[in-house]
Amino acid sequence: MKPLEDYLVIDFSQFLSGPSASLRLADLGARVIKIEKPGTGDICRTLYTSDLIMNGESSVFHTINRNKESFAIDFKQVDELQKLKKLLAKADVVMHNFRPGVMERIGLSYDDVKEINPSVIYGSISGFGTHPDLKDLPGQDLLLQSLTALTWLSGNQDDGPVPMGLSIVDMLAGAHLAQGILAGLYRKATHNIGAKIEVSMLESAYDFQFETITTHFNDGGELPVRTKSNSAHAYLGAPYGIYQTRNGYLALAMGSIPVLASLLKCDALLEFPENKFVLRDAIKNILASHLQTQNTEFWLNILEPADIWCASVLNYQQLFAEDGFKVLDFTQEVQMTDGYQYKTTRCPIKIDGEYLISGKGSPKLGQDNERIIKEFIDC
């Protein structure tokens, strides 16, 4: 039995942040009903990645909305809203990621839903919370990365701002909402008290940087300084970074420079008996030149037995060919109601020795309307 079996989640959210939270709840066993607009549905259905169309819709939608049901309803219509409220009255969790004020105008605010469902867990993700100057701006991942200084932590010193290659703020906010909802469900189970859980992408992006922000506050307010080359962390000294070898790339984490000088037979490094932060670029330049003289495997065979923290740098093709990936069985085949099958990732959580796997694919728009109406509304 999965931990959240018998819990009902009604999810109004779209795009990535909210749906990533409800996906995790679904993986944990909750029944997730996705509320969508008739005709178009979640905008993410047409948010294409690399122009990849899977069964007529975006791969992003299929990835983030597997293991859910779809209920298409125009809840801006008074009679339809009343039907929807019957469903919400039976929910354990109601969640959305609309801008502040949208659910209030519709009549589905926390207070509105609490009137018909006093112990409901009501979760929301916004871009900027109730920040008076920002709350009406679009909560889009790249914009949040830019507004929260994340883009100055990656890349080399002369690269300018470098955004991450993932919708990282969306995923962080989704994880935070899922955590808050789980805490709310625990309190509901123990004290029968509901909760209003609020997360903003802005605060999630700030929290993501707790290490670097704390360093900044206690380091005289100095800005992070990325290395001129081979960067990986603005606040860590050499050798921390990624280096090109004769046939690929090698990642090096923290390590003693004199030890590396001996292991790599790099006499030029012997000039640096102390690994001071101000020497970072000079040390990295020497390492970068030296490591290009041999293949990645050559260096790994020297460094790994000496317990130096290092790794080869893999692309997707190399990663999926690795035994370390294959042994985890991290992919799964899921199937939609029309028979369409696709390969995706599974939940990374293991409980009592078992992974949380479901073969249920993403829903067609409104595919579950008849069953939901019969079970929750017309009963």
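Placed above this text is the structure.
Conventions adopted
- Residues numbered from 1 in each chain as written.
- Predicted model: local features only at pLDDT ≥ 70, side-chain atom pairs only at ≥ 80, totals over all residues.
- Heavy atoms only, no water.
- Buried < 20%, exposed > 50% of the residue type's maximum accessible area, 1.4 Å probe, protein only.
- Helix = DSSP H or I, 4+ residues; strand = E, 2+ residues; numbered from the N terminus.
- Arc of directions from axis to C-beta.
- Salt bridge = Lys/Arg side-chain N within 4 Å of Asp/Glu carboxyl O.
- Core = buried A, V, L, I, M, F, W, Y, C linked by side-chain atoms within 4.5 Å.
- Contact = heavy atoms within 4.5 Å.
- Pairing = 2+ DSSP bridges.
- Axes fitted to C-alpha atoms, helices over the stretch in contact; angles between N-to-C directions.
- Phe/Tyr/Trp six-rings, centres within 6.5 Å; stacked < 30°, edge-to-face > 60°.
- Lys NZ or Arg CZ within 6 Å of the ring centre and 35° of its normal.
- Parallel < 35°, antiparallel > 145°, perpendicular 65-115°, else oblique.
- Left-handed = near helix turned anticlockwise from the far one by under 90°.

Chemist: Hey, could you go over helix 15 (residues 369-377) for me, with residue numbers and the actual values?
Modeler: Inspection of helix 15 places Asn369, Ile372, Phe376 and Ile377 among the buried residues, and these make up the whole buried set. Buried positions in helix 15, seen along its axis, are confined to an arc of 75 degrees and lie on one side of it. Opposite its buried face, helix 15 presents the exposed residues Glu370 and Lys374, each directed more than 90 degrees away.

Chemist: Describe the pattern of salt bridges, naming the residues involved and giving the relevant values.
Modeler: Using the criterion set out here, one finds 14 salt bridges in the structure. Between Glu36 and Arg45 there is a salt bridge; the shortest N-O distance is 2.7 Å.

Chemist: Run through the nonpolar core, naming residues and quoting values.
Modeler: If you look at the biggest cluster of nonpolar residues, it comprises 33 residues, and the most contacted ones within it are Val9, Leu25, Met95, Ile121, Val169, Leu177 and Ile181. Secondary structure elements with two or more residues in this core: helix 1 (17-27), strand 6 (93-96), strand 7 (121-126), helix 7 (168-191), strand 8 (195-200) and helix 8 (201-208). At eight residues, the largest contribution of residues to this core is made by helix 7. Among the nonpolar cores identified, the runner-up in size contains 25 residues, and Leu8, Phe71, Leu84 and Leu88 belong to it.

Chemist: Can you break down helix 1 residue by residue, with the values?
Modeler: By the criterion of burial, helix 1 is predominantly enclosed, with 10 of the 11 residues buried. Of all the residues in helix 1, the buried ones are Ser17, Gly18, Pro19, Ser20, Ala21, Ser22, Leu23, Leu25, Ala26 and Asp27. Buried positions along helix 1 lie against strand 1 (8-11), strand 2 (31-36), helix 2 (59-64), strand 6, strand 7 and helix 7. Positive phi shows up at Gly29, right after helix 1, with a value of about 115 degrees.

Chemist: Provide a residue-level description of the pairing of strand 7, including the pertinent values.
Modeler: Taken across its six residues, strand 7 has six buried, putting it largely inside the fold. What you see with strand 7 is no split at all: Ile121, Gly123 and Ile125 on one side and Tyr122, Ser124 and Ser126 on the other are buried throughout. Where strand 6 lies against strand 7, four bridges are found, and the strand directions are parallel. What sits directly across from Met95, in strand 7, is Gly123. As paired strands, strand 7 and strand 8 are joined by six bridges and run parallel to one another. Its bridge partner being in strand 8, Gly123 is matched across the sheet by Ile197.

Chemist: How would you explain the sheet that holds strand 5 (residues 69-72) if you had to name every residue and give the values?
Modeler: Ordered by their spatial adjacency, six strands build an open sheet running 5-2-1-6-7-8, and the pairing between neighbours is parallel. Whereas interior strands pair on both sides, the edge strands pair on one side only; in this sheet they are strand 5 and strand 8. Going across the sheet, the axis of each strand differs from the next one's by a mean of 20 degrees, ignoring polarity. Where strand 1 and strand 6 come together, three bridges link them in parallel fashion. Within strand 6, the position partnered with Ile10 by the bridge is Val94.

Chemist: Got a sec to walk through the packing of aromatic side chains? Specific residues and values, please.
Modeler: The tally for this structure, following the rule as stated, stands at six aromatic pairs. Note on Phe12 and Phe75: the rings are 5.4 Å apart at their centroids and 85 degrees apart in plane angle, and the pair reads as edge-to-face. Residue Phe12 is located in the loop between strand 1 and helix 1, and its partner Phe75 is located in the loop between strand 5 and helix 3 (78-88); the two are separated by 63 residues in the primary sequence. Feature note: the residues Tyr316, Phe320 and Phe325 constitute an aromatic cluster, connected by ring pairs. One residue, Arg346, lies across the ring of Tyr355, its end atom 3.6 Å from the ring centre.

Chemist: Can you tell me about the sheet that holds strand 9 (residues 241-244), naming the residues and giving the values?
Modeler: Taking strand neighbours across the sheet as the criterion, the three strands line up as 9-10-11 in an open arrangement whose pairing is antiparallel. The open sheet has two edge strands with one neighbour each: strand 9 and strand 11 (310-312). On average, each strand axis in the sheet is tilted by 25 degrees relative to the strand beside it, whichever way the strands run. Bridge count for strand 10 (residues 249-252) against strand 11 is three bridges, and the pairing is antiparallel. Directly across from Leu250, in strand 11, lies its bridge partner Ser312. Here helix 11 (residues 280-291) sits on the sheet in contact with strand 9 and strand 10, set at roughly 40 degrees to strand 9.

Chemist: So what's going on with the packing of helix 10 (residues 257-264) against helix 12 (residues 296-303)? Which residues, and what values?
Modeler: Where helix 10 meets helix 12, the axes come as close as 10 Å, and the angle between the chain directions of the two elements is 120 degrees. When the axes of helix 10 and helix 12 are compared, the pair comes out oblique. The chirality of how helix 10 crosses helix 12 is right-handed. Residues Leu260, Leu263 and Leu264 of helix 10 lie in contact with helix 12, whose contacting residues are Trp299, Ile302 and Leu303.

Chemist: So what about the environment of Val94? Which residues, and what values?
Modeler: Structurally, the position occupied by Val94 is in strand 6. You can call Val94 buried: its relative accessible area is 0%. For the pair formed by Val94 and Ser70, sequence separation is 24 residues and the distance between their alpha carbons is 15 Å. Ignoring sequence-local partners within four residues, the contact set of Val94 consists of Ile10, Phe12, Leu88, Val113, Val120, Ile121, Tyr122 and Gly123.

Geometric values such as these leave the question of function open.
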